Amino acid sequence: MEPIRVLIAKPGLDGHDRGALIIAQGLRDAGMEVIYTGLRQSPEQIAQAAIQEDVNVIGLSSLSGAHKTLFPKVVEALRANNAEDIPVIGGGVIPTEDIPYLEEKGVRKIFTSGTAMSDTATFIKQLVQGEETPPPNKISHIGIAVQHLEQALPFYQHSLGLPLESVETVEEEKVKVAFFPIGDTRIELLEPMDEDSPIQKFIDKKGEGIHHIALDVDNIEKRISLFKEQGISMLNETPKQGAHDSRIAFLHPKAGQGVLYELCEEKQEG
Amino acid sequence: MSGSYENQKNKWKQNVDKTLQKFPERKEPFETSSGIPVHRLYEPEKPEDGYLEKLGFPGAYPYTRGIQPTMYRSRHWTMRQYAGFGSAKETNERFRYLLDQGQTGLSVAFDLPTQIGYDSDDPMAEGEVGKVGVAIDSLEDMEQLFAEIPLNKVSTSMTINAPASILLAMYIAVGEKQGVAKEKLTGTIQNDILKEYIARGTYIYPPESSMRIITDIFSYCQENLPKFNTISISGYHIREAGATAVQEVAFTLANGMAYVDAALAAGLEIDQFAPRLAFFFNAHNQFFEEAAKYRAARRMWAKIMKEKYNAQDPKSWKMRFHTQTGGSTLTAQQPDNNIVRVTVQALAAIMGGTQSLHTNSKDEALALPTEDSARIALRTQQILAHESGVTETVDPLAGSYFVESLTDEIEEKANEYIKRIDEFGGAVKAVEAGYMQREIHQTAYETQKDIEKGEDVIVGVNEFTIDEEVEPELLRVDEKLEKNQVEATERIRENRDADAVADSLKKLREAAVNNENLMPFIVEAVKVYATVGEIANVLREEFGEYTAM
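Residues numbered from 1 in each chain as written. Chains lettered and ligands numbered in written order. Predicted model: local features only at pLDDT ≥ 70, side-chain atom pairs only at ≥ 80, totals over all residues.

## Observations regarding the overall build of chain B
Stage number 1. Regarding its fold elements, chain B presents 22 helices and 10 strands.
Stage number 2. A compact globule built from 549 residues should have a C-alpha radius of gyration of about 24 Å, and chain B, at 23 Å, falls within 12% of that.
Stage number 3. Projected onto the principal axes, the alpha-carbon positions of chain B cover approximately 75 × 60 × 45 Å.
Stage number 4. The burial tally for chain B puts 53% of its 549 residues in the buried class.
Stage number 5. A sequence separation of at least 24 residues applies to 78% of the contacts in chain B between residues at least 6 apart. (Helix = DSSP H or I, 4+ residues; strand = E, 2+ residues; numbered from the N terminus. Rg over C-alpha atoms; globule rule 2.2 N^0.38 Å. Buried ≥ 20, exposed ≤ 12 C-beta atoms within 10 Å, placed from the backbone. Contact = placed C-beta atoms within 7 Å.)

## Let's talk about the overall build of chain A
Stage number 1. When you go through chain A residue by residue, the secondary structure sums to 8 helices and 13 strands.
Stage number 2. In terms of overall size, chain A is more extended than a compact globule, its C-alpha atoms giving a radius of gyration of 24 Å where 270 residues would be expected to give roughly 18 Å.
Stage number 3. With respect to the principal axes defined by its C-alpha atoms, chain A has extents near 70 × 40 × 35 Å.
Stage number 4. For chain A, the residues scored as buried account for 38% of the 270 residues in total.

## Overview of the nonpolar core
Stage number 1. By size, the foremost hydrophobic cluster in this structure holds 194 residues, and its most contacted members are Val74(A), Leu253(B) and Ile522(B).
Stage number 2. Counting residues per element, this core draws most heavily on helix 10 (residues 245–265) of chain B, at 13 residues.
Stage number 3. Ala145(A), Ala178(A), Leu189(A) and Leu190(A) belong to the second-largest nonpolar core, a separate cluster that totals 9 residues. (Core = buried A, V, L, I, M, F, W, Y, C linked by C-beta atoms within 7 Å.)

## So, the sheet that holds strand 13 (residues 261–265) of chain A
Residue and element names in this part refer to chain A.
Stage number 1. In space, the 8 strands of this open sheet follow the order 7-8-9-6-10-13-12-11, with mixed pairing throughout. Sheet topology places strand 7 (166–170) and strand 11 (240–241) at the edges, where each strand pairs with a single neighbour.
Stage number 2. Those strands touched by helix 7 (residues 198–206) are strand 6 (138–145), strand 8 (175–182), strand 9 (185–192) and strand 10 (209–216), and its axis lies near 85° from that of strand 9. (Pairing = 2+ DSSP bridges. Axes fitted to C-alpha atoms, helices over the stretch in contact; angles between N-to-C directions.)

## Focus on the interface of chain A and chain B
Stage number 1. Contacts between chain A and chain B engage 27 residues on the former and 30 residues on the latter.
Stage number 2. Breaking the side of chain A that touches chain B down by element, the ones donating at least two residues are helix 1 (18–29), helix 3 (67–80) and helix 5 (117–130) of chain A.
Stage number 3. The leading source of residues in the side of chain A that touches chain B is helix 1 of chain A, at 4 residues.
Stage number 4. Among the residues forming the side of chain A that touches chain B, the class breakdown is 10 nonpolar, 13 polar and 4 charged. (Nonpolar A, V, L, I, M, F, W, Y, C, P; charged D, E, K, R; others polar.)

## Overview of the domain arrangement of chain A
Stage number 1. Here chain A is partitioned into domain 1 (5–130) and domain 2 (138–265).
Stage number 2. A separation of 40 Å is found between the C-alpha centroids of domain 1 of chain A and domain 2 of chain A. (Domains from an automatic or database assignment.)

## Digging into the pairing of strand 10 of chain A
Residues and elements named next belong to chain A.
Stage number 1. Here strand 6 runs beside strand 10; their pairing, made up of 7 bridges, is antiparallel. Note on strand 10: the bridge partner recorded for Gly143 is His212.
Stage number 2. Pairing of strand 10 with strand 13, which is carried by 4 bridges, proceeds in the parallel orientation. Looking at strand 13, one finds that Ile213 is bridged to Tyr261.

## A short note on the environment of Val6(A)
Residue and element names in this part refer to chain A.
Stage number 1. Along the chain, the position of Val6 falls in strand 1 (residues 5–9).
Stage number 2. Here Val6 falls in the buried class, since 28 other C-beta atoms lie within 10 Å of it.
Stage number 3. For the pair formed by Val6 and Gln241, sequence separation is 235 residues and the distance between their alpha carbons is 39 Å.

## Side note on unusual backbone geometry
Stage number 1. Following Glu28(B), the chain continues into Pro29(B) via a peptide bond in cis, with omega recorded as -5°.
Stage number 2. Looking at the secondary structure, you find Pro29(B) in the loop between helix 1 (2–22) and helix 2 (51–54).
Stage number 3. Here the residue pair Tyr61(B) and Pro62(B) is connected by a cis peptide bond, since its omega of 0° sits within 30 degrees of zero.
Stage number 4. Looking at where Pro62(B) falls in the secondary structure, it is placed in the loop between helix 2 and strand 1 (78–79).
Stage number 5. Located in the positive-phi region is Asn219(A), a residue other than glycine, with phi close to 50°.
Stage number 6. Mapped onto the elements of the fold, Asn219(A) is located in the loop between strand 10 and helix 8 (220–229).

## Remarks on the confidence of the model for chain A
One rule of thumb: low pLDDT means the predicted coordinates there are not for detailed reading.
Stage number 1. The pLDDT averaged across chain A works out to 90; a share of 97% of its residues lies at or above 70.
Stage number 2. Least confident of the elements in chain A is helix 8 of chain A, whose mean pLDDT is 81; most confident is strand 1 of chain A, at 97. (pLDDT = per-residue confidence, 0-100.)

## Considering the packing of helix 2 (residues 43–52) of chain A against helix 3 of chain A
Residue and element names in this part refer to chain A.
Stage number 1. It is the contact of helix 2 with helix 3, at a shortest axis distance of 8 Å, that shows an interaxial angle of 50°. Accordingly, the angle class assigned to the pair helix 2 and helix 3 is oblique. In the crossing of helix 2 with helix 3, the sense of the turn from one axis to the other is right-handed. Between helix 2 and helix 3, the contacting residues are Pro43, Glu44, Ile46, Ala47 and Ala50 on the first element and Leu70, Lys73, Val74, Ala77 and Leu78 on the second.
Stage number 2. In the contact of helix 2 with helix 3, the residues fall into 8 nonpolar, no polar and 2 charged. (Parallel < 35°, antiparallel > 145°, perpendicular 65-115°, else oblique. Left-handed = near helix turned anticlockwise from the far one by under 90°.)

## Topic: the sheet that holds strand 8 (residues 277–283) of chain B
Residue and element names in this part refer to chain B.
Stage number 1. Across the sheet, which stays open at both edges, the 5 strands sit in the order 1-10-9-8-7 with parallel pairing between neighbours. Looking at the sheet topology across the chains shown, the edges are occupied by strand 1 and strand 7 (231–234).
Stage number 2. Alignment of strand 8 against strand 9 (residues 321–325), held across 5 bridges, turns out to be parallel. Bridge pairing links Asn282 to Gln324 in strand 9.
Stage number 3. Sitting on the sheet, helix 10 touches strand 7 and strand 8, and the angle it makes with strand 7 is about 145°.

## Focus: helix 18 (residues 435–452) of chain B
Residue and element names in this part refer to chain B.
Stage number 1. Its 18 residues give helix 18 an end-to-end C-alpha distance of 26 Å, which sits within 8% of 26 Å, the value for a rise of 1.5 Å per residue.
Stage number 2. Turning to helix 18, its buried residues are Tyr435, Met436, Gln437, Glu439, Ile440, His441, Ala444, Tyr445 and Gln448.
Stage number 3. With its phi angle positive at about 80°, Gly454 sits one or two positions after the end of helix 18. (Expected span 1.5 Å × (residues − 1).)

## Some thoughts on the environment of Asn255(B)
All names here are of chain B.
Stage number 1. With respect to the element layout, Asn255 can be found in helix 10.
Stage number 2. You can call Asn255 buried: it has 29 C-beta atoms within 10 Å.
Stage number 3. Each C-alpha atom of the pair Asn255 and Ala430 lies 9.9 Å from the other, and the pair is 175 residues apart in sequence.
Stage number 4. When near neighbours in sequence (up to four residues on either side) are disregarded, Asn255 contacts Asp192, Leu194, Lys195, Ile233 and Ala427.

Encoded structure:
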């Protein structure tokens, strides 16, 4: 993979470049190619440098209080040069209350004093690689563990009045599942097929109830490798077969504060 | 040896008597809460070999124990809070507030356009006008800045470097308008360009021309402003940029020697200008190292001036310095904790014998200080001065095995750096080669990594953190200020005598070309309301502009 290219820039007249120099070196140590503009760069100069150097992201640093004027001007200069696809992030002495204004003006993220270099590096990786990996499309389904499907079905079918879409077995997971479409998403009831089924283990430990939330994604392999780079651990490092011929992978529940998330890439139509 | 010791001690006693006539001690006697008397000076029972060479007596060479014989028993340090924001009028109000609160000297912060020689209406100034300090374009702004503040009653420190000559000229002109002769003006201009290339970034011209402007100022002040400190050789910003305590001392003294060399090369006499050189150091959290740092720096400078430059006047040997607590040690998280950091740092500066002190406000990691937080910062100094009792004996840390050993080691390690800088051909050459810049950056980067690995604990940042939602009240500079300032400057341009301005700038240009002292020409130009930007631009055209590698 090509290394990420970053332009670190000091807009305006501020001469405090300790932070800019440190972050430049920190990002280099994180494997990125970093170009530092030096002091006293105008927004136009910064935009030109970013275009010429073909960078993936621009990091601005200001400690003089001029950020509200200068950061949006860099975004504007990029736009004027048809380079608005280069995201702009910033840092320095920036009061929290200015952040919404800057984000509204197109600055993607502000890192205030005390941010670890590694957090900034991770954000940039996400930002750059995330451009090709959009966020999940929707909640694919909510999985609910039940001991006996036939006992659960009447509530969903008759009380809620949801149509039963299908009932199928997923041998790999040792579960029998029933799907109810609801709006743009589904409710999935999961019944364990035997004692060794993960769903049975879940019910033994926690009782019946919500088991997981599945997120509808495109390009599941890429998503998994992105998570792994960010240090998020996966229960499945390669996608496996799910219901409806979808491909799925579970995240470790500690990634989501105890919620078990499933990535689910539906079978492409046609 | 002991004969010589007694001899020195008697000299000190005579020195004390002389000092007391002018500056009587604040109390008679000083004593602890238990009634134990606190003596002026504590000495070794049996002075060891080397005591006089290493420590000596306060007010005597090599000044390790302080530059005055009675130190803070007679007078506290000058409490000098750096302030300035927005317009001259607002800053004037803050100054008068601080003077009312018992502050004893002024310290002016200028905005970045002023510091880099741009008028507020210059495109380069956009967004920066009045942000980190007061915007000064013409003499009119300066008149407003010091309105109702008699310049013969205050000493004023101005953090101004590349255009120091212009702001000093304006100060002279304001004094003249108030009826204060320039010989009576007291204060300091920072005027330390080398550390701008190294660490602070507000340079304009290349080093050679900058050094010439500085020696012009030395020479002019020697004759016209004999009580004004012509430079404040600053380790502060070098430290803020990431240097260690040792690097701070080494690079500052190396810069100091470069100014001395430049002045000597310009034909000045060492004992004529050296007494007006002042220094400016940082105070960080490691209490004993900081206190030792000041003591080491004082001893080193005394030796340099006496032994290397052969200065004869003891005033040339004395390192007088201002201290500011370390801005980069403050945290945006749990800002109240910063009051404690500032207290420890201020105490170290006092233990090190500082002549004046600025204590930072707790909210400086977030924005410019509010009036409330600026008052707490000043109160911190007042509590240390009046309540803690640390001021009642001279150099109370002397003789501590730890502190004396640290003092020696800082001197030794700083001398190693100075030797390396000498190998480059002195500080100017080392700066041009980027040597100090690289050393500082390396230290800064290592420090940051240690913090992120958790090897250095920063309370509230990587340990003892809390979820904070309360946003403290911050001082905001009014967004309309820039527009108002631009309009005011345009008005000045319309209403002044345009021919007189053009004439004064022409003469300044000729002086620049003909290598005449620039100061008198700059004074004439500011008096006819030529602006900071116009004057700086004439010199830009003649001297060129510096760009960092």
